[in-house]
Each structure stands twice: as structure tokens, then as C-alpha cells.
Number of protein chains: 2
Amino acid sequence: MKWCRLRRNGKAVYGYVDGVVVRCVDGDPFGSYRTTQVTVPTEDADLLAPCDPRMIYAAGGPNYHSHAAWASDYFGRDIKVPARPEIGYRAVTAVIGNEAPIILPADTTGQLHFEGELAGVVGQTGRHLSREEALSCVLGYTICNDITERGWQASDQTTWRSKNADTFKPVGPWITTPEEFDIASAHTEVRINGEMAIRFRTGELIHDLADHLVEISRYCTLHPGDIVLLGTDGPTTPSLRPGDVVEVEVSGLGVLRNPVVSERAQPGVLRHLTS
Amino acid sequence: MKWCRLRRNGKAVYGYVDGVVVRCVDGDPFGSYRTTQVTVPTEDADLLAPCDPRMIYAAGGPNYHSHAAWASDYFGRDIKVPARPEIGYRAVTAVIGNEAPIILPADTTGQLHFEGELAGVVGQTGRHLSREEALSCVLGYTICNDITERGWQASDQTTWRSKNADTFKPVGPWITTPEEFDIASAHTEVRINGEMAIRFRTGELIHDLADHLVEISRYCTLHPGDIVLLGTDGPTTPSLRPGDVVEVEVSGLGVLRNPVVSERAQPGVLRHLTS
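First, a word on scope: everything that follows refers to the structure included in this document. (Residues numbered from 1 in each chain as written. Chains lettered and ligands numbered in written order. Predicted model: local features only at pLDDT ≥ 70, side-chain atom pairs only at ≥ 80, totals over all residues. Heavy atoms only, no water.)

Quick look at the relation of the copies chain A and chain B now. In summary, the two copies of the chain are related to each other by a rotation about an axis coupled with a shift along it. Each copy of the sequence occupies a distinct position, and chain A is placed on chain B by a rotation of 180 degrees and an axial shift of 0.0 Å, giving an RMSD of 0.0 Å. Read as a symmetry element, the transformation amounts to a two-fold axis. Here 100% of the interface residues in chain A have copies in chain B that are interface residues too; the copies meet face to matching face. (Least-squares fit on C-alpha atoms with pLDDT ≥ 70 in both. Contact = heavy atoms within 4.5 Å.)

So, in C-alpha cells, the structure goes:
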């Protein structure tokens, strides 16, 4: 089953992909829902990020061996794979959906990198989970492009703006339930303007989703809709530039596609807002 | 005006403190509200954290000089005050209100430290704010005890569990609007079991609330209810132990009081939950 969230008449509604249409539901996949008579052609659906997380957790260190090697070389210091999952946070305010623009801040260093990642979505509240309980609390899998401003990542004491500026967390296009996803045979591929930038075996991650959920839930309560980003592999170059279109595909999970625009070129987008 | 949030008939409602009573409102201080006829004696009010933040930002490095000196000594490395505000995140899932217990995880290193902090609460949506706009988007000030497990802070690559385990972010008791708070004359005092552990001038912070809001809003949209923690001063010892009661008082903002309990002593509190 492929769960999505779409904008309809100015409101966010959940639906599921049924071939060429999205069937809208009353309710959501985390609680109860009822399929309505409303369908939208999948290609016309105005997709939002497929859930509205309360928390976004991320592998807090490299979670693939060749990314650790690349990052050590890039930053000029030894960056180790953590022995157990170390957790980072990402800002829920940075989340955008499929096809929404990634906005390059005006004062960027120019080093805007993609990170194509498998992500897990929590379906139930959980605390102190065993590995089996952890897997049973998963709603499904989706894709995240963990956009990173490497210049700021190198200069700042935290990853706040380097990974969490508005629009830096594209997620989608939908959430695929576990029985439809085979991580062992999956590849993650990132394309810039249709050209392959990196391709790696998704399943070669060091700490898997269950490892992360067990570790997080030892200290923190997991909530429905929480997202866990599972890291990327290899280099994350070339840098993205305004005008580029970046796609992340994970076999079986669809394609997450976002254009890159410059804040300078769109001064009206980000003006001071008051509610 | 002192805004609070309280539990009434199993639901969270906003109210404001009017002498010895809390007057409950329909609505909230971020949008529109109407004062109801319902009042609760202030001392009987079941206070929750005074808002339900979407994001909690924090001074990402020391924000008072003598805390930087103490932390450098404690961790055995030079910890500098950042030249401009560097931002950290705290987990919204860790927030508790006044009088709620801080639960010491079973595998603690024993180094559970208080950090008595002034916190600002955002009242309006904002992006790319000037200093004047930043101050006009503040709903008010409250108190946070930025509970930190120093052993984990030293050993981990991120501050995820050291600062964000469930119950590690007491906030409250209420939000005081700016015209009622004079930072220049205020002191922050932390007491353990009634005995003073530290007292410092609240206004000696290096980067103030407006500095933080300007910097955050350069990259991230601020939302009503977001909280910004402004750092602590001096040492944060002795470690808290089960059975202790810790209080943080900031002149004019009230007293935030929380007992400390052990997860070991309360195995039922944190069992596996399913929604």
C-alpha cells in the first residue's frame, strides 16, 4: 500500500495510490480511516510531504562505509562510523513534498549537497521497544533528500542551518508499507537533471531502521508520523545549483523530485510574514 | 499578563493568572481568545507546559561567560562563546510542565545536571526579521530547566539523549508578557531541596532573544509557540539525584519546580505503549 498526503480544496488529506488514481480517505493511516468516493489522477495529485512529523530523527553519524570515507576526505578529519546508532535531529519546519522547490539561501557558500536517503515512518506510539516491537510499529518507508550546506556544516558548531534551513528536507513522494519493500534488492540513485550522480545498494546501511527505533525508544517516546532518516552512501557532489532538478529514487519507493531555486531570484517567496 | 496552559476535564486549555485564580479562555494567546466564566484557584491548577511548541531552539554554545569557563574545565577542552548565535535543537517530546517529575533513565552515568535558563516564546509567524520585528513577534518569557546528562554529553556525537530524553525539558510555570519582565534587574536562581546551588544575573547573557530570533529567521520560519532557550551561567553541579526537588526561579517569571525520580523505581511509567 502506498500512502500519500495531498492538498485538496486548500486542505491536507490522506489518500492511497491505486494504480493511476489516488483514493482519498477520511482519517489517516495512523488511526482509523474510511475510503471515500473521491479519486484524483495520481499524476495530477498536489502531493505534500506524506506525513506531518512531530520529530525527525536521523542517523547522527555516517551510516554507510563509503560515505564515512568520503566525508573524512572532504572535511580533512577522521569521521568514524558510530559503533551504535547515534541520533541527530532535523527540523520539521524544513519539510517539503515532492516537486516543491528547494530554496538556496541568499548567503550560501555554494556547497549545497544532496543526500539520497531511505527513511522509516513510525506508525504507533512506542517506548522501550524490542527489535520485534520496533518493526511492528513501522508504518512504512519513504525517501528523503537530506539537503546539506557543506560550507555551513564545516563552519558551524551545530548542523542547524546546514541541514535545517526552510525547504532543506524534501520527503516523499509517498509511504510504502513494509510488505511492498525489499531493502535487500533495492538501490538508491540520485540524478541531477536526469544524469546519475550516485547509485548505491540501499541495504548496505550499517544500523537499520529497527536498530534506530530500539535505541531512540530507550530514551524517547516515538509518535505516529515521526520520521527516521537512515543516511546516505558515497560522495554527495556535485553541488546543486539554481535551475537544477534533483531526483532521488529508491527501488520500489518511487522518485522524489525537486527543483532548486535561488532565494535571490525569488525575493518575494520569503518575506516577513505575520499571522 | 501571565499565560498558562492547564489540564481541565482531561483537556488542555489556556488561561491567564489573575491574582489567586487562573481565568480560563476559549482560544489561545497566539490567535484570538475569549475569557470564559471558568476560574481555577492558581495553587490548584494542574499546569502543563505553558505552550505546545513545534520547535525548541537553544543557544548552541555557552551564552554566559562563566558557564563557558566552567564547561571548558569540566570537559577538559577549550569551549568558546560563539561570536554570533549558534543554534541547537531540543526535542518537543521531552517537554514537561511545572511539578511534573524529571525521570532519570535507568542507565544514567549519574551526572544529571540542571541548567536554569530564561526562555523566549514566539507569538507570531516570522521570517527574515529585523531586530525590531523580532521583538514585536515575542509573546513573552518563561523558564526552562535544560536538564543535561553530562556523561552522555561527553561520550555521544550529538546531544540527542543527553539533553532530550523524555522529561528532560521542564518549562513553565507560565509565560509572562514582555511589559511585565525587566531582564536588567532579574536574577536566575537554582535551588536543590530548597538550598541555593547557583544565582546569576539573567541579563548578562551574551546574545539576547532578539539576536537569536534575527539569526534563526534568516534561515528558518518561526512559528507561534516556538521556544528559544537562552543558556545558563556558571557551574551546573551538584548532580541531581532521585528524591531531589529542583527549582528554577527567574525574578518576575515565577518558580519552575520539578521532583526527580528514578526510572528504576517506577518501572511502570515507561512501558511499551501502543496507540
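This paragraph deals with the interface of chain A and chain B. At the interface, 49 residues of chain A touch 49 residues of chain B. Buried area between chain A and chain B, both sides added, is near 4200 Å², and the carbon and sulfur share of it is 51%. Summed over the three residues of chain A that lose the most area to chain B, namely Y89, W160 and Y219 of chain A, the buried surface amounts to 19% of that side. Scanning the region where chain A abuts chain B turns up seven salt bridges. At the junction of chain A and chain B, the tally comes to 20 residue pairs in polar contact (both at pLDDT 80 or more). Counting only elements with at least two residues in the side of chain A that touches chain B, the list comes to β7 (87-90), α3 (150-155), α4 (160-164) and α5 (209-217) of chain A. (Buried area = accessible area lost by both parts, 1.4 Å probe. Salt bridge = Lys/Arg side-chain N within 4 Å of Asp/Glu carboxyl O. Polar contact = N/O pair within 3.5 Å; in protein donor to acceptor, adjacent residues only side chain to side chain. Helix = DSSP H or I, 4+ residues; strand = E, 2+ residues; numbered from the N terminus.)

Moving on, we come to helix α1 (residues 65-75) of chain B. Residues and elements named next belong to chain B. If you check which residues of α1 are buried, you get H67, A68, W70, A71 and S72. Elements in contact with the buried residues of α1: β10 (112-113) and α3 (150-155). Trailing α1 by a residue or two, G76 shows a phi angle of about 70 degrees, which is positive. (Buried < 20%, exposed > 50% of the residue type's maximum accessible area, 1.4 Å probe, protein only.)

Moving on, we come to the nonpolar core. Judged by nonpolar contacts, the single largest core of 133 residues is most densely connected at Y57 and L213 of chain A together with Y57 and L213 of chain B. Leave out the neighbours within four places in its chain, and L213 of chain B touches V122, A134, C137, V138, L222 and V228 of chain B. (Core = buried A, V, L, I, M, F, W, Y, C linked by side-chain atoms within 4.5 Å.)

We now examine the packing of aromatic side chains. If you walk through the whole model with that rule in mind, you get 20 aromatic pairs over all chains. Ring plane angle 80 degrees and centroid distance 5.6 Å describe the contact between W160 of chain A and Y219 of chain B, whose orientation is recorded as edge-to-face. With one member in each of two chains, W160 of chain A in helix α4 and Y219 of chain B in helix α5 (residues 209-219) form a pair that bridges those chains. Y219 of chain B carries the same exposure label as W160 of chain A, and that label is buried. An aromatic cluster of at least three residues, connected via ring pairs, comprises W3, Y16 and Y33 of chain A. The ring of F75 of chain A carries the charged tip of R77 of chain A above its face, separated from the ring centre by 5.7 Å. (Phe/Tyr/Trp six-rings, centres within 6.5 Å; stacked < 30°, edge-to-face > 60°. Lys NZ or Arg CZ within 6 Å of the ring centre and 35° of its normal.)

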